[in-house]
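Observations on the model geometry
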Amino acid sequence: MSTEIAMMTANALLAAYRAAELSPVEVTEAVLKRIETVNPALNAFNVIDAEGALAAARESEERWRLGAPRGRLDGCPASVKDILLTRGWPTLRGSKAIDPAQDWAEDAPAVARLKEHGAVILGKTTTPEFGWKGVTDSPVTGITRNPWNPETTPGGSSGGAAAALASGMGALALGTDGGGSIRIPAAFTGTYGIKPSFGRVPAYPLSPFGTVSHVGPMTRSVDDAALLLSVLAEPDPRDAYSLPYDATDYMNGLNDGIEGLKVAYAPSLGGHTVDPEVAALVAKAAWSFADLGAEVELAEPDFSGADAVFRCLWYAGAANLMRRFDAAAQAQMDPGFREIAEDGARYGLLDYLEAVARREAFIVEANRFHSDYDLLLTPALPLSAFEAGLEVPAESGMTRWPDWTPFSYPFNLTQQPAAALPCGLTTQGLPVALQIVGPRYADALVLRASRAFEAAHPWRFPDLGQTLAA
């Protein structure tokens, strides 16, 4: 029974609390037991605060007993990626260069919203150093593994969050996405993740990688993501770039379907190679949107050269971050991070400004494309999960993680909402994901389309923890 409780969605838990069928203490105890059982095999959490979580759960239980829950997440177990400031806990960002002996007195906006709405925060989840790559290993925490097959990576950089969700270690998770870091691990672990429109979720401090980075929800269901985004989008004065708050409740209209929408499907998004098994599963999912009432046709925006633009912005951000540390600190860093920072330092100011201008052109291209199409469908990734501990698949000829993420980082450049949701399993039993992209600020539409697909093709998690604990 404790496993069943641990795998319940946040919305199901809230319904059970309202009906007095479960208590937040009972749920938190079940989830902490799950963490104790499977986290040693997965290494998804680098901070676990069982005492604090149980204290928060007891307070939540009392509020529910009195019929006065706090906010919209009261008693829901949640985790925070170790990129986001969390009061009272060190935010090491996977780096030995960060001194843990600091006054950790401030919550990032997303963390503050969780607390204001009564969520039970279990701990912090692992990330590669400063979230720099699409897999999750770091000098501080080592290698994080995929619950579907611990020999494989859960992706990154929100890999700890995704591994925790897939194995029942919390119902809600906070992730960040600078080039796919919510959608990559969601795709590799069969969970759901949405990168909201840039500015939709306030962020503080701003990512060192700049305005390509977004904060967003990671969950096991679309309705949980809609609920969590409604909370995370609440305003915070510390974000210099946040959108005007519009008080949207993303649960409203979530089940309205997609009948009558015009949907583009881009199987290769400019000719990128996709594993045939992945391509077949994504194609089946994409064309099934016609069965849901949408008009689907092959079409794609022109993002030629997006790879070079993204690398300039990303690597320059790494170089700018690196220069804050002395030689001794730099020597402790992930060699791959040091390498991209060195590459980033070679870009001149005019190179960077040219990349900014080309990025702006991609935004215009996307805006024009969506004047004809309500949504764009692509593979979330061109492959399934590969060996843990590697930045790129072995013997692939690839050198850096953007080589295998050509479907994710373009939409960081364009700042559009984009979600990854499971659409099948390979013959090796590994998840494959469809990506749904909407026009800028059409977050509600992406969630609605995601829910329509989820309702037509419900996803079931096996008991991944049973194998891990054996």
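These notes cover the structure that comes with them. (Residues numbered from 1 in each chain as written. Predicted model: local features only at pLDDT ≥ 70, side-chain atom pairs only at ≥ 80, totals over all residues. Heavy atoms only, no water.)

**Some words on the pattern of salt bridges**
We count it as follows: The term salt bridge refers to a side-chain nitrogen of Lys or Arg lying within 4 Å of a carboxyl oxygen of Asp or Glu. By the criteria applied, helices consist of DSSP H or I runs no shorter than four residues and strands consist of E runs no shorter than two, each listed in order from the N terminus. Only protein chains enter the accessibility calculation, which uses a 1.4 Å probe. A residue is then buried if its area is under 20% of the maximum for its type, exposed if over 50%, and partly exposed in between.
What the rule picks out here adds up to 21 salt bridges. The salt bridge partner of R72 is D249, with a shortest N-O separation of 3.4 Å. Of this pair, R72 sits in the loop between α4 (50-65) and β2 (77-81) while D249 sits in the loop between α8 (222-232) and β9 (262-265), placing them 177 residues apart in sequence. Its relative accessible area of 29% is what places R72 among the partly exposed residues. When its relative accessible area of 23% is taken as the criterion, D249 is described as partly exposed. Note that R311 and D307 form a salt bridge whose closest N and O atoms lie 2.9 Å from each other. One end of the pair, R311, and the other, D307, are both in helix α10 (residues 306-322), 4 residues apart, so they sit about a helical turn from each other.

**Quick word on the packing of aromatic side chains**
Keep this limit in mind: The aromatic pairing rule takes the rings of Phe, Tyr and Trp, using the six-membered ring of Trp, and pairs them if the centres are within 6.5 Å, calling planes under 30 degrees apart stacked, those over 60 edge-to-face and the rest tilted. When the NZ atom of lysine or the CZ atom of arginine is within 6 Å of a ring's centre and also within 35 degrees of its normal, the charge is said to sit over that ring.
Counting across every chain of the model gives 21 aromatic pairs. Here the aromatic rings of F130 and F337 are separated by 5.4 Å at their centres, their planes lie at 45°, and the arrangement is tilted. In this pair, F130 is assigned in the loop between β3 (120-125) and β4 (137-138) and F337 in helix α12 (residues 335-345), connecting sequence segments 207 residues apart. Each member of the pair, F130 together with F337, is buried. Taking 5.7 Å as the distance between ring centres and 75° as the angle between the ring planes, the aromatic pair formed by F303 and F411 counts as edge-to-face. Within this pair, whereas F303 is found in the loop between β10 (295-298) and α10, its partner F411 is found in helix α14 (residues 410-413), the two being separated by 108 residues in sequence. Site record: aromatic cluster; members linked through ring pairs are F209, F310, W314, W401 and Y409. Here K262 stacks its cationic end above the ring of Y373, 5.2 Å away from the centre of that ring.

**Details of unusual backbone geometry**
The linkage connecting G156 with the following residue, S157, adopts the cis geometry, with an omega of 5°. Here S157 shows up in the loop between β5 (142-143) and α6 (159-166). Cis geometry marks the peptide bond from Y204 to P205; its omega dihedral reads -10°. Its identity is not glycine, yet A20 carries a phi of approximately 60°, on the positive side.

**Focus on the side chain of K124**
Here is the rule we go by: The term polar contact refers here to a pair of N or O atoms within 3.5 Å; inside protein, the definition further demands a hydrogen-donor-capable atom paired with an acceptor-capable atom, and it admits residues adjacent in sequence only when both atoms are side-chain atoms.
Among the secondary structure elements, K124 is positioned in strand β3. For K124, a relative accessible area of 0% gives the class buried. Of note is the side chain of K124, whose polar atom sits 2.7 Å from the backbone oxygen of L84.

**What to know about the sheet that holds strand β13 (residues 431-437)**
Definition in use: Two strands pair if DSSP finds at least two bridges between them. Under this scheme, a helix contributes an axis fitted over its contacting stretch, all axes are lines through C-alpha atoms, and angles between N-to-C directions fall in the 0 to 180 degree range.
Pairing is mixed in the open sheet, where 11 strands are placed in the order β1-β3-β2-β6-β8-β7-β12-β13-β11-β9-β10. Of all strands in the sheet, those with a lone pairing partner are β1 (45-48) and β10, marking the two edges. Shown here is a sheet whose adjacent strand axes are inclined to one another by a mean of 30°, direction ignored. Bridging between strand β7 (residues 192-195) and strand β8 (residues 214-219) involves 2 bridges; their strand directions are antiparallel. Note that in β8 the partner of G193 across the bridge is M218.

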